[in-house]
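Single-letter residue listing:
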Amino acid sequence: MAPVVEVDAAVAGGGSVAMTDPATWPAYCGSMAQAAALMGIPKGVLRMAKARGAPGFIDSRVRPKLVAEWLEKNNPAAVAPPSSAEAP
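Description of the structure in this document. (Residues numbered from 1 in each chain as written. Predicted model: local features only at pLDDT ≥ 70, side-chain atom pairs only at ≥ 80, totals over all residues. Heavy atoms only, no water.)

1. Brief notes about unusual backbone geometry
Piece 1. If you check the backbone angles, Asp59 has positive phi at about 50° while not being a glycine.
Piece 2. Of note, Asp59 is situated in the loop between strand 1 (57-58) and strand 2 (61-62). (Helix = DSSP H or I, 4+ residues; strand = E, 2+ residues; numbered from the N terminus.)

See below:
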């Protein structure tokens, strides 16, 4: 079993660097807010995934790799970075 690694101040707001490369993601994040910051997606996307039965939500912890895999299969638009150009 992979060791439990929680994302701390660097992702939770104490720093400005979010790890967006899935290869560098820890096994677990301590909260949805931490996972959202780590993954570079809105927290609401994680709430939607949990409500729809995505794997990777254990109590208050989130397994970002499992959730990302589910999102790619079930809602590809949710993991795509937002477009920098918005319609007028």
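Let's pick the thread back up.
2. A few points about the packing of helix 3 (residues 43-51) against helix 4 (residues 64-74)
Piece 1. For the pair helix 3 and helix 4, the least separation of the axes is 11 Å and the interaxial angle reads 80°. The pairing of helix 3 with helix 4 is recorded here as roughly perpendicular in orientation. On helix 4, the residues that touch Val45, Leu46, Met48 and Ala49 of helix 3 are Val67, Trp70 and Leu71.
Piece 2. Each residue belonging to the contact of helix 3 with helix 4 can be placed in one class, and the counts come to seven nonpolar, no polar and no charged. (Axes fitted to C-alpha atoms, helices over the stretch in contact; angles between N-to-C directions. Parallel < 35°, antiparallel > 145°, perpendicular 65-115°, else oblique. Contact = heavy atoms within 4.5 Å. Nonpolar A, V, L, I, M, F, W, Y, C, P; charged D, E, K, R; others polar.)

3. Section: helix 4
Piece 1. Restricting attention to buried positions, one finds in helix 4 the residues Pro64, Val67, Ala68, Trp70 and Leu71. Considered in projection along helix 4, the buried side chains sweep an arc of 165° and stay on one side of the axis. Among the exposed residues of helix 4, those oriented more than 90 degrees off its buried face are Glu72 and Lys73. (Buried < 20%, exposed > 50% of the residue type's maximum accessible area, 1.4 Å probe, protein only. Arc of directions from axis to C-beta.)

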